[in-house]
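Structural overview
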Amino acid sequence: MNQKTNALQNNFIMHPTNDVCFSGLMENPIVRRGFCAAILRISPDEILDTELLPTHLRRDYANDKLGVLDVLVHLPNGIQINLEMQVKDFEFWDERALFYLSKMYTSQLKSGEDYENLQKCIQVSILDFIHFPKDDRCFRTLHFRDDETGKLYSNKLELQILELKKLPPEAQTEEYIIRWMRFLNGKSREEFENMARTSEYFGEAYEALQKLSADDKKRIEYEAREKALRDYNALMNSAKRRGHFEGWEKGREKGRKEGWEKGREEGRKEGREEGRKEGIHDGIRLVRRVDRLHDKGATDEQIAKECMISVEEVGKILGTGHF
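Quick look at the structure, then. All figures in this text were calculated on a predicted structure; none of them were measured in a lab. All residue numbers refer to position in the chain's written sequence, counted from 1. Predicted model: local features are reported for residues with pLDDT of at least 70 only, side-chain atom pairs are reported and counted for 80 or more only, and whole-chain, interface and lining totals are derived from all residues. Computation of side-chain values: all heavy atoms of the structure, hydrogens and water removed.

Now for the sheet that holds strand S5 (residues 139-145). One open sheet holds the six strands; their spatial order is S1-S2-S3-S4-S6-S5, and the pairing between them is mixed. What marks the edges here is a single partner per strand, and that holds for strand S1 (51-53) and S5. Taking each pair of neighbouring strands and ignoring which way they run, the sheet shows an average axis angle of 25°. Relative to strand S4 (residues 121-127), strand S3 (residues 80-86) runs parallel, the two sharing seven bridges. Its bridge partner lying in S4, glutamine 80 is registered against cysteine 121. Contacts are residue-level and defined by heavy atoms, with any inter-residue pair within 4.5 Å sufficient. Between the N-to-C directions of two axes lies an angle of 0 to 180 degrees, each axis being a line fitted to C-alpha atoms and, for a helix, fitted only over the stretch in contact. The numbering of helices and of strands both runs from the N terminus, where a helix is a DSSP run of H or I of at least 4 residues and a strand a run of E of at least 2. Contacts from helix H3 (residues 29-40) reach S1, strand S2 (71-74), S3, S4 and strand S6 (152-163), with the element oriented near 100° to S4. One requirement defines pairing of two strands: DSSP has to find at least two bridges between them.

Moving on: the nonpolar core. In terms of nonpolar packing, the biggest core is built from 47 residues, with Phe22, Phe35, Ile81, Leu83, Ile126, Trp180 and Phe183 touching the most fellow members. Excluding residues that lie within four positions of it along the chain, phenylalanine 35 makes contacts with Phe22, Met26, Leu83, Ile126, Ile177, Trp180 and Leu184. Side-chain atoms within 4.5 Å link the members of a nonpolar core, which is a set of buried Ala, Val, Leu, Ile, Met, Phe, Trp, Tyr and Cys residues. Throughout, exposure labels follow a simple rule: accessible area from a 1.4 Å probe, protein chains only, divided by the maximum for the residue type, with under 20% read as buried, over 50% as exposed, and the rest as partly exposed. In this structure, Leu235, Ile303, Cys307 and Val314 belong to the second largest nonpolar core, which totals 15 residues.

Here we come to the environment of leucine 184. By the element assignment, leucine 184 lies in helix H5 (residues 176-184). Each C-alpha atom, one on leucine 184 and one on histidine 15, is 7.5 Å from the other, the two residues being 169 residues apart in sequence. If we skip the residues at most four places from it in the chain, leucine 184 touches Pro16, Thr17, Phe22, Phe35, Met85 and Ile126.

The contact between H3 and H5 brings their axes to 8 Å, and the two run at 130°. In terms of orientation, H3 lies oblique with respect to H5. Handedness of the crossing formed by H3 with H5: left-handed. Across the interface between the two elements, Val31, Gly34, Phe35, Ala38 and Ile39 from H3 touch Tyr176, Ile177, Trp180 and Leu184 from H5. Taken together, the residues of the contact of H3 with H5 break down into eight nonpolar, one polar and no charged. What sets the label is the angle itself: under 35 degrees gives roughly parallel, over 145 gives roughly antiparallel, 65 to 115 gives roughly perpendicular, and the rest give oblique. If you view the pair so one helix is near and one far, a crossing is left-handed when the near helix is turned anticlockwise from the far one by less than a right angle, and right-handed when it is turned clockwise. Note on residue classes: Ala, Val, Leu, Ile, Met, Phe, Trp, Tyr, Cys and Pro are nonpolar, Asp, Glu, Lys and Arg are charged, and everything else, Gly too, is polar.

This part covers the packing of aromatic side chains. The rule is short: rings of Phe, Tyr and Trp, with Trp giving its six-membered ring, pair when the centres are within 6.5 Å, and they are stacked under 30 degrees, edge-to-face over 60, tilted in between. Evaluated as defined, the whole model comprises 10 aromatic pairs. Considering the side-chain rings of tryptophan 180 and phenylalanine 183, the 6.0 Å spacing of their centres and the 65° angle between planes classify their relative orientation as edge-to-face. With tryptophan 180 and phenylalanine 183 both in helix H5 and three residues apart, the pair spans about one turn of that helix. Considered together, tryptophan 180 and phenylalanine 183 belong to a single accessibility category, that of buried residues. Taking 6.3 Å as the distance between ring centres and 20° as the angle between the ring planes, the aromatic pair formed by phenylalanine 192 and tyrosine 206 counts as stacked. Pair noted here: phenylalanine 192 is in helix H6 (residues 189-196) and tyrosine 206 is in helix H7 (residues 200-214), with a separation of 14 residues, a long-range link. Comparing phenylalanine 192 with tyrosine 206 shows no difference in burial state: the two are buried. The structure contains a cluster of three or more aromatic residues connected by ring pairs, namely Phe22, Phe35, Tyr176, Trp180, Phe183, Phe192, Phe202 and Tyr206. Sitting over the face of the ring of phenylalanine 132, arginine 140 holds its NZ or CZ atom 4.0 Å from the ring centroid. In this structure, arginine 219 packs its charged tip against the face of phenylalanine 12, placed 3.8 Å from the ring centre. Definition used: whenever NZ (Lys) or CZ (Arg) falls within 6 Å of the ring centre and also within 35 degrees of the ring normal, the charge is taken to sit over that ring.

Bear in mind that shape data such as this cannot, by itself, settle questions of function.
Pasting the structure below:
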């Protein structure tokens, strides 16, 4: 039993889609340099140095189920790149990405400084879900452009979105950014080992990944993050199931009121669907409201009173109870 446990532990490798792991990888200056070069579509030799900056987006993974552990990088030419790994889609994701890109841009200036000091800012969102379902492009770059001519208005604000779920079949010649996406999407030692043989930067990334995986403290952080994500999934699934039931009830009642014949045919279809969506949204809004109150230090009893639910329900939402 002990030999089997030791073998599993020795074979353990973190997945870079876990943002604790991703942040740990980017702490390595060689890995960071290689990845930033891919983001900028230039050779790593053109980047003399990179500097990690403190970021207001960093949060305590133990207290925040969805808080993103991002990486803010400063280049010698003044360019700032914010890197984040996001594994769960959520409402208003686009607005959030724009908010933090704008925040990064405006926070460069200190009181009394001129606008000419503003430098280019790039927000890089690596998504482990599909955000643009209508095409098969796995990465895209967005800027401000003239609606009529398409001419670039400014390159000071740039948003890059990498969708790991859309990675195409591997080809012999492909862009460096796609190769980095393949590494970040890796799930086994064999995949990482094969990529490590292709360049010094992937070799360094695999070595850094092995060190992270062998670090007991980092592994605890990694597993806590995995648990938080599992709890979140269970919570959202529970909210969806509850919303579906409540929506069905609302739809049935609506159908009765509109008339037996019409309600039976139209009310069931329309009412169930609209009610289901409304119930799901109500459940998600409740979860977010409970999380916000908890983050502000409110007790379970205070949260229950504010949200008009039971203390037991609060416990379930915060992950302290059972689903």
